[in-house]
Amino acid sequence: MTDKNGFFDLSKTSFTRRTALKGLAAGAGLAVAPGFVRYSQAQSSAPIKIGFQSHRTGIGAAYGRWYEKTTAAAVKAINDAGGINGRPVEVIIEDDGTDPGRGAEVVGKFATQHKTDIVYGTLFSHVVIGSAPAAGEAKIPYFVVSEGHHVASTKLNRYVFQPGITDVKSQIQSMAPWIAANAGKKVTQIFPDFAFGYDHRDYLPPALKAQGAEVIAQIAIPPTESSFTKYFPQIPAETEVIYHVMVGPAVLTFVKELGEFYGSNRPQLFGFIDSLEATDINSPGLEFLDGSHFWEGSPRYAQPDDSPAQKAYRAAVGIDDNGAAVGDPKDVSTAAHMFGCWETLYVVKKAMEDAGYKGPEDRTKLVEATEALTEFAEGPEHPQGPKTFNGKIHQCFGIQNISKVEGGRLNVVHKTKIEDGLYEPEGDYTTQAL
Amino acid sequence: MSGRTEGGAVERYRSSVEAFHFLGLVALLACFSSTPAFAHASDRGHVLLLPTGYYVAGGALAVAASFLVLALLPPDALDRFWRRHLPLVAFGDGARTIVSLISFAGFAILIAAGLLGSRDPLSNPLPLAIWTLLWVGLVLLHGLLGDLWSWLNPWYGPWRIASRVFGRGDGERQDPRLPQWLGYWPAFLLFFAFAWFELIDPAPDDPARLAWAAGLYWLLSFIAMLVFGYRDWSRHGEFLTVFFAMVARFAVVERNEEGRLNLCLPGTKLLSATPLPLSGIAFLLLTLSSVSFDGLSKTFFWLGLFGINPLEFPGRTAMISIGSFGLVLMFVLLAAVFALAVIFGQRLAGGKHSLSNAAGLLVWSIVPIALAYHFAHYLTALLVDGQYALAALSDPFALGWNLFGTADMPIEAGVAAGAGSAWRLWNLQAGIIIAGHMFAVLLAHGFAWRLHQLPARAALSQFPLTVLMIAYTVFGLWLLVTPTAG
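The structure presented is a predicted model; accordingly, all values stated were derived computationally and were not measured. (Residues numbered from 1 in each chain as written. Chains lettered and ligands numbered in written order. Predicted model: local features only at pLDDT ≥ 70, side-chain atom pairs only at ≥ 80, totals over all residues.)

Draft legend 1. Quick peek at the overall build of chain B. Within chain B, the secondary structure is distributed over 20 helices and 3 strands. Residues classed as buried in chain B amount to 58% of the 486 residues present. (Helix = DSSP H or I, 4+ residues; strand = E, 2+ residues; numbered from the N terminus. Buried ≥ 20, exposed ≤ 12 C-beta atoms within 10 Å, placed from the backbone.)

This is the structure in structure tokens:
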């Protein structure tokens, strides 16, 4: 830091938003870093070290950038309010390249080289699945923000948690009551022909059936497809709702061609905003979406009834009323997902405080304290809404938003109940040895 | 960053330590004034909706038309026009040692930052300086301003000092110590290693990993310069010097042997180049093929060939063998097609020149294409990661410093996002790709005139090469519009 005369004044070095994230360099650097001197003097005030497994490069980079911003904002808020157990939080970012193989290496580096207290922040499912064994092996708590069902499936291990964002199974299931009651009873699904699409293919039909509606056709599109017109004749004429979850660069083409296929006389459209996350809803080619509905985890656009907590969260992260970066309106955020970073960090804070967490020797206590959590009230720490937490499957459950595209923005028209997304647990992590 | 298309920087010039990077800043700012784009999936999605087919057809036609027009022009008229220049100031080499020493100090600080600074590749200045400032910004600056690297490289100054300490005198003028048959092969192999590290290695952006790689490369090159002589190793072994010197021949500024700067038309110095040996031909083709492969390797087409789902890209660690194969394959294909074009051209024209002589001369026409690919391919990286570099350089060791007042600057990724940006970026990229190939045709025309005195024969000899250039134009544009992972 420089003082007003431009000279270095290390006595004034403090944890700014930037240092909180850039902070810990290599281990050797820490020992000589002037900014850390005062913490090394007393173990009790040494920082809590969070290893942020971040998609800084690779196909997840657009998400990674916003996960980083949200994390920085949450850490600043936590530190400004006194940190965790009176200790400042320090985040160390390691880039996993959105690469499962590299992800496992990064988890290992956090555990052995940086000696972080936890690992946190992974989004892409295949990276979570690739990294989870390394976390289990190192016995380091691994808090992911992925929305995949892999954590709740109990197929990972006892050290993996997803307490800040609901899983896709719950999300899909909780859409069914609204679709059946408001959009239509005969649903045709169009999805990409790989794991992401299979979640929707598998979880939606039983959920709709329970609501007296049905999936009448499922159209799987090869992931490398970039033109879709030839698939549209497969859509049954009696279709009342097209449920679409296409992802990748050809999404805009998909929407445009669907519009050309139907013209003005189309069935209802229901999609997941994953298709257009970080993409301006007013982009050319998306006109056909006007009047259609989307799932959103947290609303991209500011809503008239936003809670003070939601407003404070948006301001802290730096997104404007349109969900884009403040001062950079073309940089559309990943609002539907990134709130999970904020909320996960507050869950970590709560669990560490409950456990009286002091350091890596207390990691098992942290696991058990996290498993003992049951609910998170809506508020500054959980601005997206209230949640329950199932410690047996390490997964939270919360409300979902259904938003309508109208007037060039996404307006929330329905909020689901937590109960809409609950399902029978598929296992119990707590029976596994620590 | 690497995979650097998505994502691939800049800084402020405050202390002399940072002089090494000042030129990167100039490059970035020059580009800021022109265009934007950040190639994650949704931005390529905007490009997919553009009428790109017309551009591809138009580009191919423009390159073909330039061949036809040139075939009708008297070559000597063109040659006379092209060789015009405007003399500017003259200056000696006196400051070269100190500039290189400053650059070396900057490099050493960056290496230290790589080892001790932030682990985040977008906060640590080393990956941003190497992959964005150096490999993108400085390459483009060489294409514009000439051979800056002969002054800026971090070896010359230390080598001068070491030579004096060891009493080896001015080795720049010593007799060659590398066997002549080695040609550019050491540089070829080292460039291949560099390209492999950039494009295939699982984590070239990891600050510590890169610090070790770059630091070791500096050390080994320095030892090689002490053993083989600075002049010999930098001209035949140190791949950056070789590459920079080649692309600098396209620049609009040249410095002659008397030290006078001249303003000239782009490519003038290429026209007067002497034929490259086989190793030099291979080197130049490898530089183009590696950038081309960087683009190709992310396309749905390439990934589809190996059954890889681009929407669930398995990451670089899963792509090592496929990537290594592709990097070699791309070079072999380009070299084979280039060789065939030269062979057919010479057969058609029936000239008396040896094939190696013709190929060694005509390969220089690749330089503007390589520069155009470099620009088009890495532009988005330069625009976005350039901002990260500006911020990172203010706080190289993540200690909360703000050396240049840029540490907390907001990173505006929006400069490269959205339909409007995609449109402007695409136009700029397409324009540069097409212009690069038209320059290549122009240069090939000049070289053909040197090889074949009869205009008809000269034109005939270029025909196959022109077909290759049209094809490469189409390929280059296709790389920018086809769906890609990430």
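Read on for the rest.
Draft legend 2. Region of interest: the overall build of chain A. Along its length, chain A carries 12 helices and 17 strands. Expressed as a percentage of its 434 residues, the buried residues of chain A come to 57%.

Draft legend 3. Spatial organisation of the domain arrangement of chain A. All names here are of chain A. If you check the domain split of chain A, you get domain 1 (10-166 + 337-398) and domain 2 (168-296 + 400-421). Computed over C-alpha atoms, the centres of domain 1 and domain 2 are 32 Å apart. Between domain 1 and domain 2, the residue contacts involve 11 residues of the former and 9 residues of the latter. Of the residues in the side of domain 1 that touches domain 2, the class split is 4 nonpolar, 6 polar and 1 charged. (Domains from an automatic or database assignment. Contact = placed C-beta atoms within 7 Å. Nonpolar A, V, L, I, M, F, W, Y, C, P; charged D, E, K, R; others polar.)

Draft legend 4. Representation of the environment of Thr274 of chain B within the structure. Of note, Thr274 of chain B is situated in the loop between helix H13 (268-271) and helix H14 (278-296). When the C-alpha positions of Thr274 of chain B and Trp364 of chain B are compared, they lie 9.2 Å apart, and in sequence the two are 90 residues distant.

Draft legend 5. Focus on helix H8 (residues 195-209) of chain A. All names here are of chain A. Compared with an ideal rise of 1.5 Å per residue, which puts 15 residues at 21 Å, H8 spans 22 Å between its outermost C-alpha atoms and is within 8% of the ideal. At Tyr203, H8 shows its largest bend, some 25 degrees, and a proline, Pro205, comes one to four positions later. Every buried residue of H8 is accounted for by Phe196, Gly197, Asp199, His200, Tyr203, Leu204, Ala207 and Leu208. On its buried face, H8 is in contact with helix H7 (168-183), strand E6 (186-192), strand E7 (214-221) and strand E8 (241-244). (Expected span 1.5 Å × (residues − 1). Bend = angle between axes of the 7 residues up to and from the residue.)

Draft legend 6. Spotlight on the interface of chain B and chain A. Contacts between chain B and chain A engage 59 residues on the former and 59 residues on the latter. Elements represented by at least two residues in the side of chain B that touches chain A include exactly helix H2 (41-48), helix H5 (96-116), helix H15 (300-305) and helix H19 (418-451) of chain B. The dominant element in the side of chain B that touches chain A, judged by the number of residues it contributes, is H2 of chain B, at 6 residues. For the side of chain B that touches chain A, the per-class residue count stands at 28 nonpolar, 20 polar and 11 charged.

Draft legend 7. Region of the structure containing helix H6 (residues 125-138) of chain A. All names here are of chain A. When the terminal C-alpha atoms of H6 are compared, their 20 Å separation across 14 residues agrees well with the 20 Å that a helix rising 1.5 Å per residue should span. Along H6, the helix axis deviates most sharply at Ser131, where the bend reaches about 35 degrees; the proline Pro133 sits within four residues downstream. Across the 14 residues of H6, 10 count as buried, placing the element largely inside the fold. Three or more residues of H6 are buried, namely Ser125, His126, Val127, Val128, Ile129, Gly130, Ser131, Ala132, Ala134 and Ala135. Check the buried side of H6 and you find it contacts strand E1 (48-54), helix H5 (100-114), strand E3 (118-120), strand E4 (142-143) and strand E5 (160-161). Of the residues one or two after H6, Lys139 is the one with positive phi, at around 55 degrees.

Draft legend 8. Summary view of the sheet that holds strand E13 (residues 375-376) of chain A. Residues and elements named next belong to chain A. Taken together, the 3 strands give an open sheet; going across it, the order is E13-E14-E15, and neighbouring strands pair in antiparallel fashion. Of all strands in the sheet, those bounded by a partner on one side alone are E13 and strand E15 (395-398). Sheet analysis places E13 next to strand E14 (residues 387-390), joined by 2 bridges and oriented antiparallel. Each residue of the ladder has a partner; that of Glu375, found in E14, is Thr388. (Pairing = 2+ DSSP bridges.)

Draft legend 9. Structural detail: the pairing of E14 of chain A. Residues and elements named next belong to chain A. Residues of E14 alternate between two faces, with Lys387 and Phe389 buried on one and Thr388 and Asn390 left unburied on the opposite face. Here 4 bridges tie E14 to E15, and the two strands are oriented antiparallel to one another. In the sheet register, Lys387 faces E15, and the bridge partner there is Gly398. Turn length for the E14-E15 hairpin, with the two strands adjacent in sequence and antiparallel, is 4 residues, and the turn residue His394 shows positive phi of about 60 degrees.

Draft legend 10. The arrangement of the environment of Phe91 of chain B in detail. All names here are of chain B. Relative to the assigned elements, Phe91 resides in the loop between strand E1 (85-90) and H5. Assessed through the 11 C-beta atoms surrounding it within 10 Å, Phe91 is described here as exposed. Between the alpha carbons of Phe91 and Ser324 there is a distance of 45 Å; along the sequence they are 233 residues apart.

Draft legend 11. How the structure looks around the packing of helix H9 (residues 185-199) of chain B against helix H12 (residues 239-248) of chain B. Residue and element names in this part refer to chain B. At a closest axis distance of 8 Å, the pairing of H9 and H12 adopts a crossing angle of 100 degrees. Compared by their axis directions, H9 and H12 come out roughly perpendicular. For the pair H9 and H12, the contacting residues are Ala187, Leu190, Phe191 and Phe194 in the first and Phe239, Val242 and Phe243 in the second. Of the residues belonging to the contact of H9 with H12, the class tally is 7 nonpolar, no polar and no charged. (Axes fitted to C-alpha atoms, helices over the stretch in contact; angles between N-to-C directions. Parallel < 35°, antiparallel > 145°, perpendicular 65-115°, else oblique.)

Draft legend 12. Region of the structure containing the nonpolar core. With 265 residues, the main nonpolar core has Tyr142 and Ile179 of chain A together with Val247, Leu285 and Ile366 of chain B as its most contacted residues. No other element matches helix H18 (residues 366-394) of chain B, which puts 21 residues into this core. Both domains that furnish three or more residues to this core are identified here as domain 1 (10-166 + 337-398) and domain 2 (168-296 + 400-421) of chain A. If we ignore the near neighbours within four places in the chain, the residues touching Ile179 of chain A are Val187, Leu208, Ala213, Val241 and Phe270 of chain A. Counting 8 residues, the second-largest nonpolar core is a separate cluster that includes Trp155, Tyr156, Met225 and Trp233 of chain B. (Core = buried A, V, L, I, M, F, W, Y, C linked by C-beta atoms within 7 Å.)

Draft legend 13. Fine view of the confidence of the model for chain A. Residues and elements named next belong to chain A. Counting all residues, the mean pLDDT for chain A is 90, and 90% of those residues have values of 70 or more. This model gives residues 1-20 a pLDDT under 50, and the stretch forms 33 contacts once residues within four places in sequence are excluded. In this model residues 22-42 is a low-confidence stretch, pLDDT under 50, and it forms 44 contacts with partners more than four residues away in sequence or in other chains. (pLDDT = per-residue confidence, 0-100.)

Draft legend 14. Fine view of unusual backbone geometry. Even without being a glycine, His394 of chain A presents a positive backbone phi close to 60 degrees. With a phi close to 55 degrees, Ala398 of chain B is a non-glycine residue in the positive phi region. Along the chain, Ala398 of chain B turns up in the loop between H18 and H19. By the C-beta count within 10 Å, which is 29 here, Ala398 of chain B ends up buried.

Draft legend 15. Region of interest: the sheet that holds strand E17 (residues 409-415) of chain A. Residues and elements named next belong to chain A. Spatial ordering of the open sheet is given by E7-E6-E8-E9-E10-E16-E17, a layout of 7 strands whose pairing is mixed. This sheet does not close on itself; its edge strands, each paired only once, are E7 and E17. Neighbour to neighbour, the strand axes of the sheet diverge by 25 degrees on average, direction disregarded. The pairing of E6 with E8 spans 4 bridges and is classified as parallel. Among the inter-strand pairings, Gln189 is bridged to a residue of E8, identified as Tyr243. Running at roughly 165 degrees to E6, H8 makes contact with E6, E7 and E8 of the sheet.

Draft legend 16. Region of interest: the confidence of the model for chain B. All names here are of chain B. Overall, the predicted model of chain B reaches an average pLDDT of 86, with 89% of residues at or above 70. Taken as a whole, residues 1-41 scores under 50 in pLDDT and shows 150 contacts with residues more than four places along the chain or in a different chain. For this predicted complex, the interface confidence comes out at an ipTM of 0.87, alongside a pTM of 0.89.

Draft legend 17. Structural context of the pairing of E17 of chain A. All names here are of chain A. Where strand E16 (residues 401-406) lies against E17, 6 bridges are found, and the strand directions are antiparallel. Counted as the bridge partner of Ser403 is Val412 from E17. Between E16 and the antiparallel strand that follows it, E17, lie 2 residues; Gly407 among them carries a positive phi value of about 60 degrees.

Draft legend 18. Structural view of the environment of Glu238 of chain A. Residue and element names in this part refer to chain A. With respect to the helices and strands, the residue Glu238 is situated in the loop between E7 and E8. Judged by the 12 C-beta atoms lying within 10 Å of it, Glu238 is exposed. Through-space distance from the C-alpha of Glu238 to that of Val187 is 9.0 Å; in sequence the pair is 51 residues apart. The contacts of Glu238, once residues within four sequence positions are left out, are Lys186 and Ile216.

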